[in-house]
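What follows is each chain in one-letter form.
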Amino acid sequence: MTRLVGHALRRAARLGAMGAIPLLVAGSAMAAGSAWAEGRGSSPVLRPDGIGPLRLGMGRAEAVATGWLSDPGTGCELGGPPLPVVYKLKGPKAPAGIVGTAQFERGTLRVFAFSAGVRTTFGVAVPGGTVGDLLKRARAAGLSATSVYDETFAGRFVTVNRGGKQVLGAFAEQSAITTIAVPYVPVCE
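Residues numbered from 1 in each chain as written. Predicted model: local features only at pLDDT ≥ 70, side-chain atom pairs only at ≥ 80, totals over all residues. Heavy atoms only, no water.

## Some thoughts on unusual backbone geometry
Cis peptide bonds are those with omega within 30 degrees of zero, and the linkage from V126 to P127 qualifies with 5°. Within the fold, P127 resides in the loop between β10 (125-126) and α3 (131-140). A cis geometry characterises the amide bond from V182 onward to P183, with omega recorded as -10°. Locating P183 in the fold gives a position in the loop between β14 (177-182) and β15 (187-188). Even without being a glycine, D71 presents a positive backbone phi close to 50°. With respect to the element layout, D71 can be found in strand β5 (residues 70-74). In this model, A154 sits at a positive phi of 55°, which is unusual for a non-glycine residue. Of note, A154 is situated in the loop between β11 (144-150) and β12 (155-162). Overall, A154 belongs to the partly exposed group, its relative accessible area being 40%. (Helix = DSSP H or I, 4+ residues; strand = E, 2+ residues; numbered from the N terminus. Buried < 20%, exposed > 50% of the residue type's maximum accessible area, 1.4 Å probe, protein only.)

## Considering the sheet that holds β12
Pairing in this open sheet of eight strands is antiparallel, and the strands run β5-β6-β7-β8-β14-β13-β12-β11 from one edge to the other. The sheet is open, and its two borders are formed by β5 and β11, each paired with just one other strand. Pairwise comparison of adjacent strand axes, ignoring direction, gives a mean angle of 20° for this sheet. In terms of strand pairing, β12 meets strand β13 (residues 165-172) through seven bridges, oriented antiparallel. Of the residues in β13, the one forming a bridge with T159 is G169. (Pairing = 2+ DSSP bridges. Axes fitted to C-alpha atoms, helices over the stretch in contact; angles between N-to-C directions.)

## Notes on the nonpolar core
Among the nonpolar cores identified, the biggest contains 36 residues, and I51, L54, L89, F114 and I180 are the most heavily contacted of them. Mapped by element, the contributors of at least two residues to this core are β6 (85-88), β7 (99-105), β8 (108-116), α3, β12, β13 and β14. Setting aside residues no more than four positions away along its own chain, L54 makes contact with R47, D49, A63, T66, W68, L69, L89, L109 and F112. Counting residues in each nonpolar core, the second largest holds seven residues, with A113, F157, F171 and V185 among its members. (Core = buried A, V, L, I, M, F, W, Y, C linked by side-chain atoms within 4.5 Å. Contact = heavy atoms within 4.5 Å.)

## Some points on the sheet that holds strand β4 (residues 54-55)
By definition, the strands of a sheet pair up through backbone hydrogen bonds, in either a parallel or an antiparallel sense. One open sheet holds the five strands; their spatial order is β4-β3-β2-β9-β10, and the pairing between them is mixed. With one partner strand each, in any of the chains shown, β4 and β10 form the two edges of the open sheet.

## Here's the deal with the state of the cysteines
Taken as a whole and judged by the stated rule, the model has one disulfide. The partner cysteine of C76 in its disulfide is C188, sulfur to sulfur 1.9 Å. Between C76 and C188, the S-S torsion sits near 65°, and that sign places the bridge as right-handed. Of the two residues, C76 is situated in the loop between β5 and β6 and C188 in strand β15; the sequence distance between them amounts to 112 residues. A residue is classified by how much of its surface remains accessible, and C76, at 8% relative accessible area, is buried. (Disulfide = S-S within 2.5 Å.)

## Here we look at the environment of P95
Topologically, P95 is positioned in the loop between β6 and β7. Not counting the four nearest positions on each side in its chain, P95 is found in contact with P44 and W68.

## Some details on the pattern of salt bridges
Taken as a whole, this structure holds two salt bridges when the rule is applied. When the shortest N-O distance is used, the salt bridge between R47 and D49 registers 2.8 Å. For R55, the salt bridge identified is with E62, shortest N-O distance 3.6 Å. Among the residues examined, R55 registers a relative accessible area of 37% and is labelled partly exposed. (Salt bridge = Lys/Arg side-chain N within 4 Å of Asp/Glu carboxyl O.)

Any functional reading would require information that these geometric values do not contain.
Have a look at this one:
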């Protein structure tokens, strides 16, 4: 089941679960020299409430009608029913270059996760952004940001909060961000 990263990390540590994995990590391309590395370029902006016409809290039919979503599938099955429904952001109206998903829980859009083609409102992009960039720029934008290395996931999770509420998450196997998500990095445990 998809859970907030903090909860998933605590549970994984408690259970000694080695099978828990962050989603969207495998197969992401890193292009540190790209214009996106500095937050420049025409990559779509990932806002705390969504991207393009998609917003957290939208109903599934309304979100599909934007033309940004395609290829619906079942999300993590480990939590049992009701299973989340996950779409790729590859619809006919979605910008080229985005590699990501939109996850619906009980018919409501709850999570976005990307491995390429987006940048945050404060200029950190994937590919090209680093944990250090994300922490520095989020803090400069007035947000609180922390990172923690987790041995179970063999990587570093970044949590960005606004007013005590998580609005952005990221995962990095090294220093380069491989997944950036709103509001948290989905994991399957």
